[in-house]
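# Structural overview for review
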Amino acid sequence: MPEKRKKPLPDEVDEDVKRHKPEQAEKENEKEDWFKGSVYPRVSTVEAADRMDANNPLELLESALKKQGGPEAVSDAGESVVYWMNMEDMRLKDNKALSKASAYANKNKLPLVVLFPISPGDYKSHDRSARRIDFMLRNLRSLKTSLHELEIPLLQFIHPTRKTLPNRIIQIVGSPGIKARHVFANLSYEVDELNRNRAVLEQGADKRIWVGFEHDRCVVPPGGVKKKGTGTGAYTVYSPWFRQWGSMIHEDPSLFDEYPNPQPNPKGTLESFSANASGDNKDLLKDIPDYIEGFQLDKTDAEQMRAVHPGGEHAAERVLEAFFHTKSSSKKLGPVRPFEDDDEVVKKGNSRVEVYSDERDRADRNSTSRLSPYLTSGVLSPRQILTHVLKFSGKKTVPVDKKDGVGNWVGEVAWRDFYNHILAAFPRVSMGQPYNVKYRGVQWETDPELLEAWKTGKTMNAQGWMHNRARMISSSFLTKHLLVDWRLGERYFMNQFIDGDLASNNGGWRKSMSSSCLVQKTGSDPQPYFRIFNPTTQAEKADPTGEYIKHFVPELRNLKGKALYDPYGHLSPAEFKKLGYPMPIVDHKKARERAIERYKNPGVKPDESADGPTQDDIKVSNNVKPKVKKSPAGLESFGFISKA
Ligand SMILES: Cc1cc2nc3c(=O)[nH]c(=O)nc-3n(C[C@H](O)[C@H](O)[C@H](O)COP(=O)(O)OP(=O)(O)OC[C@H]3O[C@@H](n4cnc5c(N)ncnc54)[C@H](O)[C@@H]3O)c2cc1C
């Protein structure tokens, strides 16, 4: 056994570097600054996050709502009723707050008005992608057409300062021409949104305006799936949570009853509304902007997004239908339309949803529904999905058995509920703090080049959406192989994807860095820190035909067998050189050892840990073709980026 290299103590390193290599020391400082600047402004202190958990904002809002009472608490019915729509509930069908607002307006013979605030400050602070904002505007245009058919005015405005948004909303609601006394909205579970909602409620109360919020995002509202005999009752492990969630929807199918569509306003409402609008309110009726400053897509990307993720409720329903009635195909990879008239329609038993149990992890086929952009923006509701599932299955209850394709898919849709429940019960997760507090101290690498190299992953950037398996593999690669802070990856996904959703994205990243809520009491965590994806075997499983790699990495198109997944490890140096393909960025085996060392000893700085490998140790040498298997260059398509 070769003797292990003894590491110098950290102080020795610093002094040595400072004295003899001032440029290197300067560079190290720059890296540290970059890292702090990129991550830490967004991460709350541990104390602040703990305080937030202790003063749960959803509970505070719910108790304020209880104190306020129902809409009858404000007896003056006003001159109109407002439904305040947000970017998470962009549909007319099965929209709880909209439905209730419409019923209330009808009962009081008042016109219904829809208010949509555009809040760039919130989008920036939540790392919304330009793609998601573009999708929001496209859906808003489609909604405007549908609302106008019902004679319902859509009032929209851009409000740049997020802090003063509550004030602006209440001011508009009470302004001449609108004069509403009742506002209905759906709940969001992010900390900032909950606090904003409470501010709107309080400022409304000062002006005798009633503001009600509805649980609409999940099938079972947060807090609805409870462990018996515990403090908050919130589950932190998915499997028992899902068993109870499944029983609940079986025992009480009204949980996914759809809410009635909004009723039309009396004829002429639109005309008289715009005739009576005065002052600033005239602007509320203006055309929906083409883009929002700071969130503009370039023309090519905008066109591609329109084709791949068409907006509107009708498009969402077609994507859902296609998943239930068409066959999976390897031709539907990359930025392609989610449904086409010539899609192969199949008989019962063979559709994508029915073979989901077998194919869901296949990245080389369109094995999943691609409904996430619609669910995230609320263009389709999870209740609509369960209603569709029940009808399709022809059974008495919604299937939840994982062996059954449809049941397995329902289990995935439930993950979305689960992560929202976690977000609502443990708000610290949306403040940059891991759920599993023991991983607060993991020491991350601070080399910006690693993150930049990872970011060039081709699927991540191409279509604004990525297969779940690819998300899992690439997030694991960043947080384990490269040991880059998960929060940087979390933010990058949000900035890239059209379906960027705080609860699911955060949940996915926490799971990848082993700080999910999945730590079981027995200690058997489904994703413990020492279970580190082997990129080669993962790629072989997710892409057995190689179509996915060939699609996204054309340089490797002509390779066969193992060489396709690991060209560096399976080709001769001359053959590899001829490919013109970059070197692998890390050695899998060594990177794995380093990750285990680092996760096992959270809080221990790399140089202090016994003999764990350093960043230089795990790099693949440019000159020597190593005997051990390397992290495969061919997995660029999965986000395993190689450096030239
Ligand atoms: C690191 C990471 C980040 C992620 N970020 C997001 C995100 O920002 N937005 C997002 O919607 N999903 C996210 N997911 C979950 C999942 O990858 C996507 O929901 C899924 O790939 C969307 O494709 P689909 O609609 O074809 O899914 P399908 O397999 O058809 O599933 C149907 C729906 O169920 C829900 N769903 C499925 N799997 C999950 C899951 N693991 N967690 C939560 N909900 C799920 C989604 O709403 C999805 O649209 C992330 C996963 C990981 C590992």
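Residues numbered from 1 in each chain as written. Predicted model: local features only at pLDDT ≥ 70, side-chain atom pairs only at ≥ 80, totals over all residues. Heavy atoms only, no water.

Another aspect to go through is the side chain of arginine 91. For arginine 91, the position within the fold is in the loop between β1 (80-84) and α5 (96-107). For arginine 91, a relative accessible area of 1% gives the class buried. Filtering out sequence-adjacent residues up to four positions away, arginine 91 remains in contact with Met85, Leu98, Leu143, Asp216, Glu313, Gly378, Val379, Leu380, Ser381, Arg383 and Gln384. (Helix = DSSP H or I, 4+ residues; strand = E, 2+ residues; numbered from the N terminus. Buried < 20%, exposed > 50% of the residue type's maximum accessible area, 1.4 Å probe, protein only. Contact = heavy atoms within 4.5 Å.)

The subject of this paragraph is the site of the ligand. What surrounds the ligand is a group of 28 residues, the closest being Tyr356, Thr368, Ser369, Arg370 and Asn468. Asparagine 468 places a polar side-chain atom, nitrogen or oxygen, 2.7 Å from an oxygen atom of the ligand. Between the ligand and aspartate 499 there is a distance of 2.9 Å, counted from a nitrogen atom to a backbone nitrogen or oxygen. Considered on its own, the ligand offers 810 Å² of accessible surface; in the complex 96% of this is hidden by protein. (Near = heavy atom within 4 Å. Polar contact = N/O pair within 3.5 Å; in protein donor to acceptor, adjacent residues only side chain to side chain. Areas by Shrake-Rupley, 256 points an atom, 1.4 Å probe, with all protein chains shown as cover.)

The next subject is the pairing of strand β4 (residues 180-186). Side chains on a regular strand alternate between the two faces of the sheet. Of all seven residues making up β4, six are buried, and the element is well covered by its neighbours. Where β1 meets β4, five bridges bridge the pair, whose relative direction is parallel. Looking at β4, one finds that serine 80 is bridged to alanine 180. Handedness of the β4-helix α9 (residues 191-206)-strand β5 (residues 210-214) crossover: right-handed. (Pairing = 2+ DSSP bridges. Right-handed = clockwise from strand over helix to strand, strands pointing away.)

Take the nonpolar core next. Among the nonpolar cores identified, the biggest contains 116 residues, and Trp245 and Trp409 are the most heavily contacted of them. In terms of residues, this core owes the most to one element, helix α17 (residues 405-425), which gives eleven residues. Each of domain 1 (56-431) and domain 2 (432-638) accounts for three or more of the residues forming this core. With near-sequence residues (within four places) excluded, tryptophan 245 lies in contact with Val219, Val220, Val225, Leu386, Val410, Ala414 and Asp417. Counting 47 residues, the second largest nonpolar core, distinct from the first, contains Leu478, Tyr492, Leu556 and Tyr568. (Core = buried A, V, L, I, M, F, W, Y, C linked by side-chain atoms within 4.5 Å. Domains from an automatic or database assignment.)

Throughout the structure, instances matching the rule amount to 28 aromatic pairs. Where phenylalanine 323 meets tryptophan 409, the ring centres are 5.0 Å apart and the plane angle is 50 degrees; that geometry is what we call tilted. Separated by 86 residues along the polypeptide, phenylalanine 323 in helix α13 (residues 313-325) and tryptophan 409 in helix α17 bring together distant segments of the chain. A relative accessible area of 0% means that phenylalanine 323 is categorised as buried. Summarising the aromatic geometry, the rings of phenylalanine 418 and tyrosine 419 are spaced 5.8 Å apart at their centres and angled 45 degrees between planes, so their arrangement reads as tilted. Assessed through its relative accessible area of 1%, phenylalanine 418 is described here as buried. (Phe/Tyr/Trp six-rings, centres within 6.5 Å; stacked < 30°, edge-to-face > 60°.)

Tracing the backbone through its elements, the reader meets valine 406 in helix α17. Classification of valine 406 as buried rests on a relative accessible area of 5%. In this structure the C-alpha to C-alpha distance between valine 406 and phenylalanine 392, which are 14 residues apart in sequence, comes to 9.2 Å. For valine 406, the residues in contact, after removing those within four places along its chain, are Val353, Glu354, Val389, Phe392 and Pro399.

This brings us to α17. With 21 residues, α17 ought to run about 30 Å at 1.5 Å a step, and its terminal C-alpha atoms sit 30 Å apart, in line with that. Along α17, 19 of the 21 residues are buried, which leaves the element largely enclosed by surrounding structure. (Expected span 1.5 Å × (residues − 1).)

With that settled, the discussion passes to the UniProt feature "site: Electron transfer via tryptophanyl radical" (unreviewed entry) in the protein chain. Look at the UniProt record and you will see "site: Electron transfer via tryptophanyl radical" (unreviewed entry) annotated at Trp444, Trp486 and Trp509. Among the residues just listed, Trp509 line the second largest pocket. Structurally, tryptophan 444 can be placed in the loop between α17 and α18 (448-455). From its side chain, tryptophan 444 meets the backbone oxygen of valine 442 in a polar contact 3.4 Å long. Turning to its location among the elements, tryptophan 486 is positioned in helix α21 (residues 486-496). Dropping the residues within four chain positions of it, tryptophan 486 is found in contact with Gly432, Gln433, Pro434, Trp444, Thr479, Asn506, Trp509, Arg510 and Met513. (UniProt positions renumbered as here; feature names shortened; annotations may be inferred. 1 Å grid on protein atoms, 1.4 Å probe; cavity = no way out; pocket = protein on both sides within 12 Å on 5 of 7 lines; lining within 4 Å.)

Turning our attention to the sheet that holds strand β2 (residues 112-118). Spatial ordering of the open sheet is given by β3-β2-β1-β4-β5, a layout of five strands whose pairing is parallel. Here the strands that pair on one side only, and so sit at the sheet edges, are β3 (154-158) and β5. Between one strand axis and the next, the sheet turns by 25 degrees as a mean value, whatever way the strands run. (Axes fitted to C-alpha atoms, helices over the stretch in contact; angles between N-to-C directions.)

Attention shifts here to unusual backbone geometry. You will see that aspartate 94, though not glycine, has its phi angle at about 45 degrees, which is positive. Of note, aspartate 94 is situated in the loop between β1 and α5. Even without being a glycine, glutamate 151 presents a positive backbone phi close to 65 degrees. Locating glutamate 151 in the fold gives a position in the loop between α7 (130-149) and β3.

This model, assessed by the stated rule, comprises nine cavities of 30 Å³ or more. Its volume calculated, the largest cavity comes out at about 130 Å³. Surrounding the largest cavity, 15 residues form its lining, Asn86, Met87, Asp122, Tyr123 and Arg196 being those nearest its centre. Here the lining of the largest cavity is composed, by residue class, of six nonpolar, four polar and five charged. Space inside the second largest cavity adds up to approximately 90 Å³. Contributing to the lining of the second largest cavity are 13 residues, with Glu88, Asp89, Arg91, Asp216 and Arg217 lying nearest its centre. (Points joined across faces, edges and corners; volume = space filled by probe spheres on them. Nonpolar A, V, L, I, M, F, W, Y, C, P; charged D, E, K, R; others polar.)

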